[in-house]
Amino acid sequence: GNSVTQMEGPVTLSEEAFLTINCTYTATGYPSLFWYVQYPGEGLQLLLKATKADDKGSNKGFEATYRKETTSFHLEKGSVQVSDSAVYFCALSDLSGNNRLAFGKGNQVVVIP
Amino acid sequence: DGGITQSPKYLFRKEGQNVTLSCEQNLNHDAMYWYRQDPGQGLRLIYYSQIVNDFQKGDIAEGYSVSREKKESFPLTVTSAQKNPTAFYLCASRTSLTGTYGYTFGSGTRLTVV
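Remember, it's a predicted structure, so these values are computed and weren't measured experimentally. (Residues numbered from 1 in each chain as written. Chains lettered and ligands numbered in written order. Predicted model: local features only at pLDDT ≥ 70, side-chain atom pairs only at ≥ 80, totals over all residues. Heavy atoms only, no water.)

What follows covers the overall build of chain A. Looking only at helices and strands, chain A features zero helices and 12 strands. Along the chain direction, N to C, the helices and strands of chain A fall in the order β-β-β-β-β-β-β-β-β-β-β-β. For a compact globule of 113 residues, the expected C-alpha radius of gyration is about 13 Å, and chain A comes in at 14 Å, within 12% of that figure. Considering only C-alpha atoms, chain A reaches an extent of 45 × 30 × 25 Å along its principal axes. Scored against the burial criterion, the 113 residues of chain A give a buried share of 46%. Summing over all exposed atoms, chain A offers an accessible surface of approximately 5300 Å²; the carbon and sulfur share of this is 49%. Side-chain charges in chain A split into 9 positive and 11 negative, and the spacing between the mean points of these groups amounts to 7 Å. (Helix = DSSP H or I, 4+ residues; strand = E, 2+ residues; numbered from the N terminus. Rg over C-alpha atoms; globule rule 2.2 N^0.38 Å. Buried < 20%, exposed > 50% of the residue type's maximum accessible area, 1.4 Å probe, protein only. Areas by Shrake-Rupley, 256 points an atom, 1.4 Å probe, with all protein chains shown as cover. Lys, Arg positive; Asp, Glu negative; His and termini not counted. Charge placed at Lys NZ, Arg CZ, Asp CG, Glu CD.)

Written out as structure tokens, the structure reads:
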């Protein structure tokens, strides 16, 4: 079945550092891929998406490229701010008729001033 | 503005009680979903509905029930059969168009058993 794997553990880094969160997936066909962000006590917000191989999704300085050859969709930001502290989830859409999203376990990102 | 409203934000349940979590959307979305979020476990699908008067079990449906009598509403009941209900519950919706569309999420309900 479809699944998403995110790197283990929280990520702690200093302001203006480079952020990478790894995401790999297993799926049949060509799913759409998403990154969601969750701020403390809130629901999830769509951060960016990519719908086909080699597409790059971008938003608020974050980027992720759909890599079919490595089945990956890593999230990057060149210079993080304290306000980027949140939990980040990678997800893929189920291409069957029920349109379910499969989520990774999420990564807590803490940015220290 | 269109969106999803979950209520209440915080809910306390005594042992043996049923409680119902509300989820309302005005996005004209056909599909609605309920997820449970526990620390370190990500999101797990409880139930989903793609059309009014129809719904399917997700991965962890035991101890939960839902209804979909109106397109806008998808309430979740946590029954006394759910042995560990303390969690953060998220409702989501999406258009019926396939593939490229993600979910819109509500702001969640935190349920605590006291």
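Now that the structure has been shown, we can carry on.
A word on the state of the cysteines. Residues and elements named next belong to chain B. All told, the structure shown has two disulfides over all chains when counted by the stated rule. In this model C23 forms its disulfide with C91; the gap between the sulfur atoms is 1.9 Å. On the sign convention where negative means left-handed, the S-S torsion of about -75° between C23 and C91 marks this disulfide as left-handed. Taken as a pair, C23 in strand β3 (residues 19-25) and C91 in strand β9 (residues 87-94) lie far apart in primary sequence, 68 residues in all. You'll find C23 and C91 in the same group, each marked buried. (Disulfide = S-S within 2.5 Å.)

Residue and element names in this part refer to chain B. Taken together, four strands build an open sheet; the order of strands is β1-β3-β8-β7 and the sheet is antiparallel. Each of the sheet's edge strands pairs with one partner strand only, and the pair in question is β1 (4-7) and β7 (64-66). Put simply, the sheet's adjacent strands are angled 20° from each other on average, direction ignored. In the sheet, β3 pairs with strand β8 (residues 76-78) via three bridges, with the strands oriented antiparallel. Following the sheet pairing, T20 is matched in β8 by T77. (Pairing = 2+ DSSP bridges. Axes fitted to C-alpha atoms, helices over the stretch in contact; angles between N-to-C directions.)

Size of an interface: often given as the accessible area lost when the parts come together. Across the boundary between the two partners, chain A contributes 20 residues, which contact 25 residues of chain B. On the surface where chain A and chain B come into contact, there are five residue pairs in polar contact (both at pLDDT 80 or more). Element by element, the count of residues in the side of chain A that touches chain B is highest for strand β5 (residues 33-38) of chain A, at three residues. Looking at the side of chain A that touches chain B residue by residue, the classes come out as six nonpolar, 10 polar and four charged. (Contact = heavy atoms within 4.5 Å. Polar contact = N/O pair within 3.5 Å; in protein donor to acceptor, adjacent residues only side chain to side chain. Nonpolar A, V, L, I, M, F, W, Y, C, P; charged D, E, K, R; others polar.)

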